[in-house]
Number of protein chains: 2
Amino acid sequence: MKDAQPRTRSRRSGAPDAPALTREYIVDAALEYIDEVGLESFSMRNLATKLQVYPTAIYWYVPTRNELMAQIVARVLDQVISSKRRRSLDAFLRDLFNNFRDVIRRHPNVAPLIGTQLVSNTNMGLEFVEQLLAHLSRAGLSGAALVGAYNTVIATIVGFTAQEFAPIPTEGSDQWQTQVRERLATISRESYPVLAANLPILSNRAFILRWESGVEAPLDESFRIYVDVVIAGIERLIETQPAA
Amino acid sequence: MKDAQPRTRSRRSGAPDAPALTREYIVDAALEYIDEVGLESFSMRNLATKLQVYPTAIYWYVPTRNELMAQIVARVLDQVISSKRRRSLDAFLRDLFNNFRDVIRRHPNVAPLIGTQLVSNTNMGLEFVEQLLAHLSRAGLSGAALVGAYNTVIATIVGFTAQEFAPIPTEGSDQWQTQVRERLATISRESYPVLAANLPILSNRAFILRWESGVEAPLDESFRIYVDVVIAGIERLIETQPAA
DNA sequence: ACCTGAACACCGTTCAAGT
DNA sequence: ACCTGAACACCGTTCAAGT
């Protein structure tokens, strides 16, 4: 997609060899920049430098910074493929969860955007929505239960992964890491017995109790259980649904 | 907590009646500001104006803007009370989900922070962690299943609510609203049959298909189903767990 | 149509100086 | 110890001007 046919060269003076600006090209470059140096140090001006244009040139293609962010999220989520094949709800959901996670894992620095942008993203394709609804409906859900299951799937798909890969405090990572580790090391067995007893299997493998993000310490096993739990719960919902 | 005893008055010239600065007072003021005018227009400088001090005065109590944000989140999450009483896992989780949602509903503008900050918040009390682990453990979970269930609960508690109350595109809300509504109105029955058929119950009641945030259009029914699904899934996990 | 260039009204944060 | 005040190196965005 990115290296399709030779682009028309730009007319701009400073960078004769650089490709002409495009909305697509700008979004790609922005995503690349965020992947490389992180969300925090992204700015329209830094992006402009990377593109070898004046900051204001970007505004000819993108109305605002927020809109650019929304389009970056849309670009990432586009990579979540889902085969059009009809299959069981179980298989469909399982693939969806795993595909989504794989995609975010490739772009962990945009994770903070996903959680807040997806829910209100008009740019998102409705094919995905239709497919999810179709599978849920065919499994026997309708009315409020259909809506509830739909919202449940969306919320759960985003929830775990967005948090798993959310960047951990940026500054002095060494300092912060040892701080958390020391805190866990000095947990009193009297005040927190269950926590203390299970510390070995919880350390760096559980939310709030870890010092690395999912990039360095992926929560593979927990995610597997998570998916099982959600799917089992939805199947339970289907059972309690009166047949049409 | 906020109006406990008469504060010592400040020595600063410009605002003789204003209370002396405190880390606590600053965090409270920041949360208040965000509640009133939103996260987007929050800045250290605006906060300073509200406090009637120079921007740099804040830095005597708070090391950085990010740290302040983390403490705001901690302050909000402190309001999620959980009775120390021993009770069934079902009752415990149900209360937890509902309390959490009620708290976020009172501070919807901080919702975007919750999802990304909670997971790595050292400021968070470990009492909560211990309680959750204790209930899950007593219900029969241990080892990887305990870790998985723990992470599942954290992820699901945050997931739905953070997205439900996430502020919707700020600018020209009227324009954006009608844009989404028109898009939904012109959905083709051929391309998106299930979506089209269920549009009446999905409109503004489902993620991606709504034009108002949870503040104006709360997803009460879906949340109830969501909680049921998660709890049913966890109970299923407990059943498959070999007895100790 | 597409980009340059200057300019505006902001930021977070450091550091010296006052009291 | 706690705050003022100036200053630095940035921001996003508007708007006129060039080609």
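Each remark here, short or long, concerns the structure printed above.
What about the protein's contact with DNA strand D?
Line of reasoning, step 1. Close to DNA strand D lie 19 residues, the nearest being Arg45, Thr56 and Tyr59 of chain A together with Tyr54 and Tyr61 of chain B.
Line of reasoning, step 2. Here DNA strand D approaches the protein such that, of its atoms within 4 Å, sugar and phosphate make up 56%.
Line of reasoning, step 3. The separation between a base nitrogen of DNA strand D and a polar side-chain atom of Arg45 of chain A is 2.5 Å.
Line of reasoning, step 4. A distance of 2.6 Å is found between a phosphate oxygen of DNA strand D and a side-chain nitrogen or oxygen belonging to Tyr54 of chain B.
Line of reasoning, step 5. At 3 residues, helix α2 (residues 44-51) of chain A tops the list of elements feeding residues into the surface near DNA strand D.
Line of reasoning, step 6. When its residues are assigned to classes, the surface near DNA strand D shows 8 nonpolar, 5 polar and 6 charged.

Here we look at the interface of chain A and chain B
Line of reasoning, step 1. With 72 residues of chain A in contact, the opposing surface of chain B contributes 72 residues.
Line of reasoning, step 2. Between chain A and chain B, the buried area comes to about 5,900 Å², and carbon and sulfur atoms account for 69% of it.
Line of reasoning, step 3. Here chain A is connected to chain B by 0 salt bridges.
Line of reasoning, step 4. Summed over the shared surface of chain A and chain B, the result is 16 residue pairs in polar contact (both at pLDDT 80 or more).
Line of reasoning, step 5. Listed by contribution, the elements that provide at least two residues to the side of chain A that touches chain B are α5 (111-117), α6 (126-138), α7 (143-164), α8 (173-185), α9 (193-197), α10 (199-202) and α11 (220-239) of chain A.

Let's talk about the pattern of salt bridges
Residue and element names in this part refer to chain A.
Line of reasoning, step 1. Evaluated as defined, the whole model comprises 18 salt bridges over all chains.
Line of reasoning, step 2. The partner of Asp95 in a salt bridge is Arg87, and the shortest N-O contact between them spans 3.0 Å.
Line of reasoning, step 3. Of the residues examined, Asp95 reaches a relative accessible area of 38% and is grouped as partly exposed.
Line of reasoning, step 4. Shared partners join several salt bridges into a network, and the residues in it are Arg101, Arg105, Glu164 and Asp220.

Concerning the nonpolar core
Line of reasoning, step 1. Grouped together as the largest cluster of nonpolar side chains are 162 residues, with contacts concentrated most on Leu68, Tyr150 and Leu195 of chain A together with Leu68, Tyr150 and Leu195 of chain B.
Line of reasoning, step 2. Each residue touching Tyr150 of chain B, except ones within four places of it in the same chain, is listed here: Ala206, Phe207, Ile208 and Leu209 of chain A together with Val129, Leu132, Leu133 and Leu136 of chain B.

A closer look at the packing of aromatic side chains
Each aromatic ring pair is specified by the distance between its two centres and by the angle formed by the two planes.
Line of reasoning, step 1. This structure, assessed with the given rule, holds 14 aromatic pairs over all chains.
Line of reasoning, step 2. Consider the rings of Tyr33 of chain B and Phe42 of chain B, whose centres lie 5.9 Å apart with planes at 70°: the pair is edge-to-face.
Line of reasoning, step 3. Exposure remark for Tyr33 of chain B: the relative accessible area of 14% places this residue in the buried category.
Line of reasoning, step 4. What makes Phe42 of chain B buried here is its relative accessible area of 4%.
Line of reasoning, step 5. An aromatic cluster is present here, built from Phe97, Phe160, Phe207, Phe223 and Tyr226 of chain A joined pairwise through their rings.

Focus: the side chain of Arg101 of chain A
Line of reasoning, step 1. Structurally, Arg101 of chain A is set in helix α4 (residues 89-106).
Line of reasoning, step 2. Here Arg101 of chain A falls in the buried class, since its relative accessible area comes to 6%.

Regarding the environment of Asp102 of chain A
Line of reasoning, step 1. Counting through the fold element by element, Asp102 of chain A comes out in helix α4.
Line of reasoning, step 2. Overall, the relative accessible area of 35% leaves Asp102 of chain A in the partly exposed class.

Regarding the environment of Arg106 of chain B
All names here are of chain B.
Line of reasoning, step 1. Mapping Arg106 onto the fold places it in helix α4 (residues 89-106).
Line of reasoning, step 2. Put simply, Arg106 and Val215 are 109 residues apart on the chain and 9.0 Å apart in space, counted from C-alpha to C-alpha.
Line of reasoning, step 3. Setting aside its immediate chain neighbours within four residues, Arg106 contacts Asp35 and Gln79.
Line of reasoning, step 4. One polar contact links Arg106 to Gln79, side chain to side chain, over a distance of 3.4 Å.

What about α2 of chain A?
Residue and element names in this part refer to chain A.
Line of reasoning, step 1. Looking at α2, one finds that the buried residues are Met44, Leu47, Ala48 and Leu51. Considered in projection along α2, the buried side chains sweep an arc of 105° and stay on one side of the axis. Exposed and oriented more than 90 degrees from the buried face of α2 are Arg45 and Thr49.
Line of reasoning, step 2. Positioned one or two residues after α2, Gln52 has a phi angle of 60°, which is positive.

Examining the environment of Ala91 of chain A
Residue and element names in this part refer to chain A.
Line of reasoning, step 1. Among the secondary structure elements, Ala91 is positioned in helix α4.
Line of reasoning, step 2. Under the relative-accessibility criterion, Ala91 is labelled partly exposed at 28%.
Line of reasoning, step 3. Considered as a pair, Ala91 and Ile231 are 140 residues apart in the sequence and their alpha carbons are 9.9 Å apart.

A look at the protein's contact with DNA strand C
Line of reasoning, step 1. In the vicinity of DNA strand C there are 19 residues, among which Tyr54, Trp60 and Tyr61 of chain A together with Arg45 and Thr56 of chain B approach most closely.
Line of reasoning, step 2. In DNA strand C, atoms within 4 Å of the protein come 57% from sugar and phosphate.
Line of reasoning, step 3. Within the backbone of Met44 of chain B, a nitrogen or oxygen atom sits 3.0 Å from a phosphate oxygen of DNA strand C.
Line of reasoning, step 4. Residue classes in the surface near DNA strand C are distributed as 8 nonpolar, 5 polar and 6 charged.

Details of the relation of the copies chain A and chain B
Line of reasoning, step 1. Overlay of chain A on chain B (RMSD 0.0 Å): rotation 180°, translation along the axis 0.0 Å. Read as a symmetry element, the transformation amounts to a two-fold axis.
Line of reasoning, step 2. An overlap of 100% is found between the interface residues of chain A and their copies at the interface of chain B, pointing to a shared contact surface.

What counts, and at which threshold
Residues numbered from 1 in each chain as written. Chains lettered and ligands numbered in written order. Predicted model: local features only at pLDDT ≥ 70, side-chain atom pairs only at ≥ 80, totals over all residues. Heavy atoms only, no water. Near = heavy atom within 4 Å. Polar contact = N/O pair within 3.5 Å; in protein donor to acceptor, adjacent residues only side chain to side chain. Helix = DSSP H or I, 4+ residues; strand = E, 2+ residues; numbered from the N terminus. Nonpolar A, V, L, I, M, F, W, Y, C, P; charged D, E, K, R; others polar. Contact = heavy atoms within 4.5 Å. Buried area = accessible area lost by both parts, 1.4 Å probe. Salt bridge = Lys/Arg side-chain N within 4 Å of Asp/Glu carboxyl O. Buried < 20%, exposed > 50% of the residue type's maximum accessible area, 1.4 Å probe, protein only. Core = buried A, V, L, I, M, F, W, Y, C linked by side-chain atoms within 4.5 Å. Phe/Tyr/Trp six-rings, centres within 6.5 Å; stacked < 30°, edge-to-face > 60°. Arc of directions from axis to C-beta. Least-squares fit on C-alpha atoms with pLDDT ≥ 70 in both.

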